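Descriptive analysis of the structure
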Amino acid sequence: DSFEGVRCAAIGALAKSSEMVAKHGEAIVRKLEDSFEGVRCAAIGALAKSSEMVAKHGEAIVRKLEDSDRDVRFAALLALARSPETVAKHGEAIVWKLEDSDGDVRRDALGVLAESPEMVAKYGEAIVRKLEDSDEDVRRAALGALAESPETVAKHGEAIVRKLEDSD
């Protein structure tokens, strides 16, 4: 259909049933390349209904981390968080989003990493750098992520202590 609202509604109808999403997953994945960002977000949201679908289509979802639209990048991060195995497999791509121009995307990338103490430990250095981010929410998310890994807290205690003097 040439109307993006109709495509979004079609995805929404399929997303009501995880069985329908699984059955028509390939058609939904094709909509990740739609010219309308709302359709791309709807497709990601439909796939995110199931961790199995996120794992199966992880590569396609990870590519959306580089989408020109911040809402699509945000939706991709939220979807990836549904599948720890996909997060582990694509950790580097998620860490790359710590440098996104949008603070909400940086914050949500930290949230995805925080779901796994192993990922926090693995990417601790990158997370610690976010303690100096210009966005207070990103700094708070970085502290929250670090708190998920006692090993990382011990390793970076001095950087965390410096945040006791944060002016925001």
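Structure report, in brief. Every chain begins its residue count from 1, and numbering advances along the sequence as written. Two thresholds apply to this predicted model, a pLDDT of at least 70 for residue-level local features and 80 or more for giving and counting side-chain atom pairs, whereas whole-chain, interface and lining totals are computed over all residues. Heavy atoms from the whole structure form the basis of all side-chain values; hydrogens and water molecules are not counted.

Among the nonpolar cores identified, the biggest contains 47 residues, and Leu47, Leu80, Ile94, Leu113 and Ile127 are the most heavily contacted of them. Throughout, a contact is declared for two residues whenever any of their heavy atoms are within 4.5 Å. Residues within four places of leucine 113 in sequence aside, it is in contact with Ile94, Val95, Leu98, Met119, Val120, Tyr123 and Ile127. Throughout this description, the term nonpolar core refers to a set of buried Ala, Val, Leu, Ile, Met, Phe, Trp, Tyr and Cys residues connected via side-chain atoms within 4.5 Å. For every residue, the accessible area (1.4 Å probe, protein chains only) is compared with the maximum for its type, and the residue is labelled buried under 20%, exposed over 50%, or partly exposed between those bounds.

Moving on: the packing of helix 4 (residues 37–47) against helix 7 (residues 70–80). For any two helices packed against each other, one specifies the inter-axial angle together with the distance between the axes. Helix axes are fitted to C-alpha atoms over the stretch in contact, other axes to C-alpha atoms as well, and angles between N-to-C directions run from 0 to 180 degrees. The helix and strand labels rest on DSSP assignments: H or I over at least four residues marks a helix, E over at least two residues marks a strand, and numbering proceeds from the N terminus. In the contact formed by helix 4 and helix 7, the axes pass within 9 Å of each other and the chain directions differ by 5°. One element, helix 4, and the other, helix 7, form an angle in the roughly parallel class. Contacts from Glu37, Arg40, Cys41 and Ile44 of helix 4 reach helix 7 at Asp71, Val72, Ala75, Ala76 and Ala79. In this classification, Asp, Glu, Lys and Arg are treated as charged, Ala, Val, Leu, Ile, Met, Phe, Trp, Tyr, Cys and Pro as nonpolar, and every other residue, Gly included, as polar. Residues that form the contact of helix 4 with helix 7 fall into these classes: 6 nonpolar, no polar and 3 charged. To sort the angles, those under 35 degrees are grouped as roughly parallel, those over 145 as roughly antiparallel, those from 65 to 115 as roughly perpendicular, and the leftovers as oblique.

This next bit is on the side chain of lysine 163. With respect to the helices and strands, the residue lysine 163 is situated in the segment after helix 15 (157–162). N or O atoms within 3.5 Å of each other form a polar contact, as long as, within protein, one can give a hydrogen and the other can take it, and as long as residues adjacent in sequence are counted only when both atoms are side-chain atoms. A distance of 3.0 Å separates a polar atom in the side chain of lysine 163 from the backbone oxygen of leucine 131. Not counting residues within four places of it along the chain, the set of residues in contact with lysine 163 comprises Leu131, Glu132, Arg139 and Leu143.

Turning to helix 4, a few remarks are in order. Those residues of helix 4 that fall on the buried side of the exposure criterion are Val39, Arg40, Ala43, Ile44, Ala46 and Leu47. One side of helix 4 carries all its buried residues, which in axial view fall inside an arc of 160°. Of the surrounding secondary structure, the elements contacted by the buried residues of helix 4 are helix 1 (4–15), helix 2 (18–23), helix 3 (25–30), helix 5 (51–56), helix 6 (58–63) and helix 7. Each direction from the helix axis to a C-beta atom contributes to the arc, which is the arc of those directions.

Turning our eyes to something else, we now look at the packing of helix 7 against helix 10 (residues 103–114). Helix 10 packs onto helix 7 with a crossing angle of 10° between their chain directions and a minimal axis gap of 9 Å. With respect to each other, helix 7 and helix 10 are oriented roughly parallel. Along the contact surface, helix 7 presents Arg70, Arg73, Phe74 and Leu77, while helix 10 presents Asp104, Val105, Arg107, Asp108, Ala109 and Val112.

This brings us to the environment of isoleucine 11. Mapping isoleucine 11 onto the fold places it in helix 1. C-alpha separation for the pair isoleucine 11 and histidine 90, spaced 79 residues apart in sequence, amounts to 26 Å. Leave out the neighbours within four places in its chain, and isoleucine 11 touches Lys31, Val39, Ala42, Ala43 and Ala46.

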